[in-house]
Each structure stands twice: as C-alpha cells, then as structure tokens.
Amino acid sequence: MSEADVKAWLAANLPQWKFEDGWIRRTYKTASWKGTLMVINTVGHLAEAAWHHPDITASYAWVEVRLVTHSAKGITAKDLQLAKKIEAKNEAFQKQLRG
C-alpha cells in the first residue's frame, strides 16, 4: 500500500492510529501497570491468533503498538485488520471501565 493509501484508510477507519516511519502506530494510555499488562496481553492474544506480531513498547501507564508486514517491507491489509481488532478490544475495555 502507498503511504497516501495507508493515511487515507487510517483517517477514515482508525483516526487514533498514525503512519510514521513506515509503521502504523498507536499509543494507549493506561491508569497503572496492571492496565498496561492487560493491554499487552490483549494485543498479544490478538496478534497470535492472527499470526501477525507487532512491536510493543511499554511503560508504567502507556503501551505503544507498532505494526508493519516485514515480509512485504510495508503496510498491508494484515496490519490494518489487526489494528482494527486491537482498537475494537480497546474500545470495549474502555466502555467497561466507564461502567
């Protein structure tokens, strides 16, 4: 996918995700280390089920998820589909927290 196609798709479907340095990425804020671990484990489960593995960077109250298809040397539908699944789980989790 071209950079313009990726940016347009993200803007229309996942505006919280950004295309930077050849990756699509999203940083999730959490309330604590426990919340951070929950995000990491959820992303890990979804990634394993999709057989597509992101780079994850974490600190006490945030998690950054970065996706690229290494074999294609760029962003593919596989990255966008996994990002969409990750975002859906995050939205469901946030709704639960709000009650």
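Coordinates for the structure precede this section.
Worth saying up front: this structure is predicted, and the values here are computed from it rather than measured.

Engineer: How should I be thinking about the pairing of strand β3 (residues 55–59) in this particular structure?
Structural biologist: Looking along a regular strand, one sees side chains alternate from face to face of the sheet. Alignment of β3 against strand β4 (residues 62–67), held across five bridges, turns out to be antiparallel. Pairing of Asp55 across the sheet is with Arg66, part of β4. Hairpin connection, β3 to β4: the antiparallel pair is bridged by two residues.

Engineer: Even after reading the chapter, I still don't get a nonpolar patch on the surface, so can you show me in this structure?
Structural biologist: A grouping of Trp33, Leu37 and Tyr60 is seen on the molecular surface, where their side chains present a nonpolar patch of about 320 Å² in accessible area. Take Leu37: it is sitting in helix α2 (residues 33–50). For Leu37, a relative accessible area of 33% puts it in the partly exposed group.

Engineer: Whenever I open this one, the sheet that holds strand β1 (residues 18–20) confuses me. Can you help?
Structural biologist: The strands making up a sheet associate through hydrogen bonds between their backbones, and the pairing can be parallel or antiparallel. Spatial ordering of the open sheet is given by β1-β2-β4-β3, a layout of four strands whose pairing is antiparallel. Looking at which strands have only one partner, the edges of the open sheet turn out to be β1 and β3. Taking each pair of neighbouring strands and ignoring which way they run, the sheet shows an average axis angle of 25°. Note: β1 against strand β2 (residues 23–29), three bridges, orientation antiparallel. Across the sheet, Phe19 pairs through a bridge with Ile24, a residue of β2. Against the sheet, helix α1 (residues 3–13) makes contact with β1 and β2, and its axis sits at roughly 155° relative to β1, the strand it touches most.

Engineer: Honestly, the pairing of β4 in this entry has me stumped. Any pointers?
Structural biologist: Among the six residues of β4, five are classified as buried, and the element is accordingly described as predominantly covered. Judged from the six bridges that link them, β2 and β4 form a sheet pairing that is antiparallel. Residue pairing in the sheet places Tyr28 in a bridge with Val63 of β4.

Engineer: How should I be thinking about unusual backbone geometry in this particular structure?
Structural biologist: What you tend to see is this: most non-glycine residues have negative phi, and most peptide bonds are trans. Phi at Asp21 takes a positive value of approximately 55°, unusual for a residue other than glycine. Mapped onto the secondary structure, Asp21 falls in the loop between β1 and β2. Positive phi, close to 55°, is recorded for Trp51, a residue that is not glycine. The residue Trp51 is located in the loop between α2 and β3 in this model.

Engineer: In this structure, what is going on with the pattern of salt bridges? I would like to understand it.
Structural biologist: Any two side chains of opposite charge can pair, so long as their charged atoms come close to each other. Counted according to the given criterion, the structure contains five salt bridges. In the salt-bridge network here, residues are joined through shared partners; they are Glu20, Arg25 and Glu64.

Engineer: Is there a simple way to explain the environment of Ala72 in this structure?
Structural biologist: Relative to the elements of secondary structure, Ala72 occurs in the loop between β4 and α3 (77–98). Spatially, the C-alpha atoms of Ala72 and Lys29 are 30 Å apart, while their sequence positions differ by 43 residues.

Definitions and cut-offs
- Counting of residues starts from 1 at the beginning of each chain's written sequence and follows it residue by residue.
- It should be noted that, the model being predicted, local features are given only for residues of pLDDT at least 70 and side-chain atom pairs only at 80 or more, the latter also being counted only at that level, while totals for whole chains, interfaces and linings use all residues.
- To obtain the side-chain values, all non-hydrogen atoms of the structure were included, while hydrogens and water were left out.
- Two strands are counted as paired when DSSP detects at least two bridges linking them.
- Only DSSP runs of H or I covering at least 4 residues are called helices, and only runs of E covering at least 2 are called strands; the numbering of each starts at the N terminus.
- Patch membership is restricted to residues that have no salt bridge and whose relative accessible area is over 30%. Joining uses 9 Å for like charges and 5 Å for the nonpolar side chains Val, Leu, Ile, Met, Phe, Trp and Tyr.
- Surface exposure here means Shrake-Rupley accessible area, sampled with a 1.4 Å probe, where a residue is shielded only by the protein chains that are shown.
- Between Lys or Arg on one side and Asp or Glu on the other, a salt bridge is scored when a side-chain nitrogen of the former is within 4 Å of a carboxyl oxygen of the latter.
- Relative accessible area decides the class of each residue, using a 1.4 Å probe on protein chains only: under 20% of the type maximum gives buried, over 50% gives exposed, and in between gives partly exposed.
- Axes here refer to lines fitted to C-alpha atoms; in helices the fit is confined to the stretch in contact. Angles between the N-to-C directions go from 0 to 180 degrees.
- Only heavy atoms enter the contact rule, under which two residues are in contact if any of them lie within 4.5 Å.

No statement about biological role is implied by the geometric values presented.
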